[in-house]
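# Remarks on the overall topology
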Amino acid sequence: MKFIGLTGGVGAGKTTVLKAMKQLWRVRILIADEIAHEQMEPGTPCYKKLHEVFGADDIWLRDGSIDRQGLARLLFSDDEKRKRLNEIVHPAVKQYILGEVEKERQAGNYDYVIVEAALLIEEHYDELCDELWYVYAPEETRKKRLMADRGYSAKKVDQIFAAQLPEAVYRQHCAVVIDNDRDMDHVLEQITRLYANEEK
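My aim in this report is to walk through the structure given alongside it, one point at a time. What you see is a predicted model, and the numbers here were worked out from it, not measured in a lab.

## Digging into the side chain of Lys-2
- Secondary-structure assignment places Lys-2 in strand E1 (residues 2-7).
- Of the polar contacts made by the side chain of Lys-2, one reaches the side chain of Glu-131; its length is 3.4 Å.
- If sequence neighbours within four positions are ignored, Lys-2 has contacts with Asp-111, Tyr-112, Val-113, Asp-130, Glu-131 and Glu-198.

## Description of the packing of aromatic side chains
- With the rule as written, the count across this model stands at seven aromatic pairs.
- Both rings, one in Tyr-47 and one in Trp-60, keep their centres 5.7 Å apart while their planes meet at 85°; by these two values the pair is edge-to-face. Taken as a pair, Tyr-47 in helix H3 (residues 45-54) and Trp-60 in the loop between H3 and helix H4 (68-77) lie far apart in primary sequence, 13 residues in all.
- Using a relative accessible area of 18% as the deciding quantity, one classes Trp-60 as buried.
- Counting every residue linked through ring pairs, the aromatic cluster contains Trp-25, Tyr-112, Trp-133 and Tyr-195.

## Concerning the environment of Ile-66
- Structurally, the position occupied by Ile-66 is in the loop between H3 and H4.
- Residue Ile-66 is classed as buried on the basis of its relative accessible area of 9%.
- Other than its neighbours up to four places away in sequence, Ile-66 contacts Met-40, Leu-50, Ile-59, Trp-60, Leu-61 and Leu-71.

## Considering the packing of H3 against helix H5 (residues 79-107)
- Look at H3 against H5: their axes get within 10 Å of each other, and the N-to-C directions meet at 170°. Relative to H5, the element H3 lies roughly antiparallel. By crossing handedness, the relation of H3 to H5 is classed as right-handed. Only Lys-81, Arg-84, Leu-85, Ile-88, Val-89 and Ala-92 of H5 make contact with H3, whose side of the interface consists of Cys-46, Lys-49, Leu-50, Val-53 and Phe-54.

## Overview of the pairing of strand E4 (residues 131-136)
- Within E4, five of the six residues are buried, which leaves the element mostly enclosed by the surrounding structure.
- Strand direction decides the pairing type here: E1 and E4, joined by four bridges, are parallel. Each bridged residue has a counterpart across the sheet, and for Ile-4 the counterpart in E4 is Glu-131.
- As judged from the four bridges shared by E4 and strand E5 (residues 176-179), these two strands associate in the parallel manner. Bridged to Tyr-136 within E5 is Asp-179.

About the criteria used
- Residues numbered from 1 in each chain as written.
- Predicted model: local features only at pLDDT ≥ 70, side-chain atom pairs only at ≥ 80, totals over all residues.
- Heavy atoms only, no water.
- Helix = DSSP H or I, 4+ residues; strand = E, 2+ residues; numbered from the N terminus.
- Polar contact = N/O pair within 3.5 Å; in protein donor to acceptor, adjacent residues only side chain to side chain.
- Contact = heavy atoms within 4.5 Å.
- Phe/Tyr/Trp six-rings, centres within 6.5 Å; stacked < 30°, edge-to-face > 60°.
- Buried < 20%, exposed > 50% of the residue type's maximum accessible area, 1.4 Å probe, protein only.
- Axes fitted to C-alpha atoms, helices over the stretch in contact; angles between N-to-C directions.
- Parallel < 35°, antiparallel > 145°, perpendicular 65-115°, else oblique.
- Left-handed = near helix turned anticlockwise from the far one by under 90°.
- Pairing = 2+ DSSP bridges.

Right, here's the structure in full:
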């Protein structure tokens, strides 16, 4: 079994690539953002730490759960608090992912476990994964997708792009580049070819 980290800039179409992988491979997919949300649910160790650090902030709903929109606004405006949140949540996410990978290695049900996250390089997943793979689409394509699919303004897209790694860094750290500038058939062709090469 191979453990792959899949990354790429926002709007590159990582979800499309994962769908193609699910169609063609025996694969377990782990989405880091979804795992992070689970790790912040009431009753978890992360939740308790978050309450200690952010208890006085206006990010809590009446039922005690976290208001994710309020949290996003807080983190966007306060670099120090974003850093503190990451120090709590990211290690818990990593621990969970590594535990799941080990379970799947023992069970032998899959050829691949794929973890998808925007910050794989920044969080040093290259030290944990067998390989990192990069989903590429040009900035203009990504901008059109984000404005059409998510309703983002051009200004918001530019702000997001400015905060992300440059393309050269992704290419430097990733062993495989998947081009997602066209349609699903083009992605499927690449995934089919990758699998054939892996099986040699």
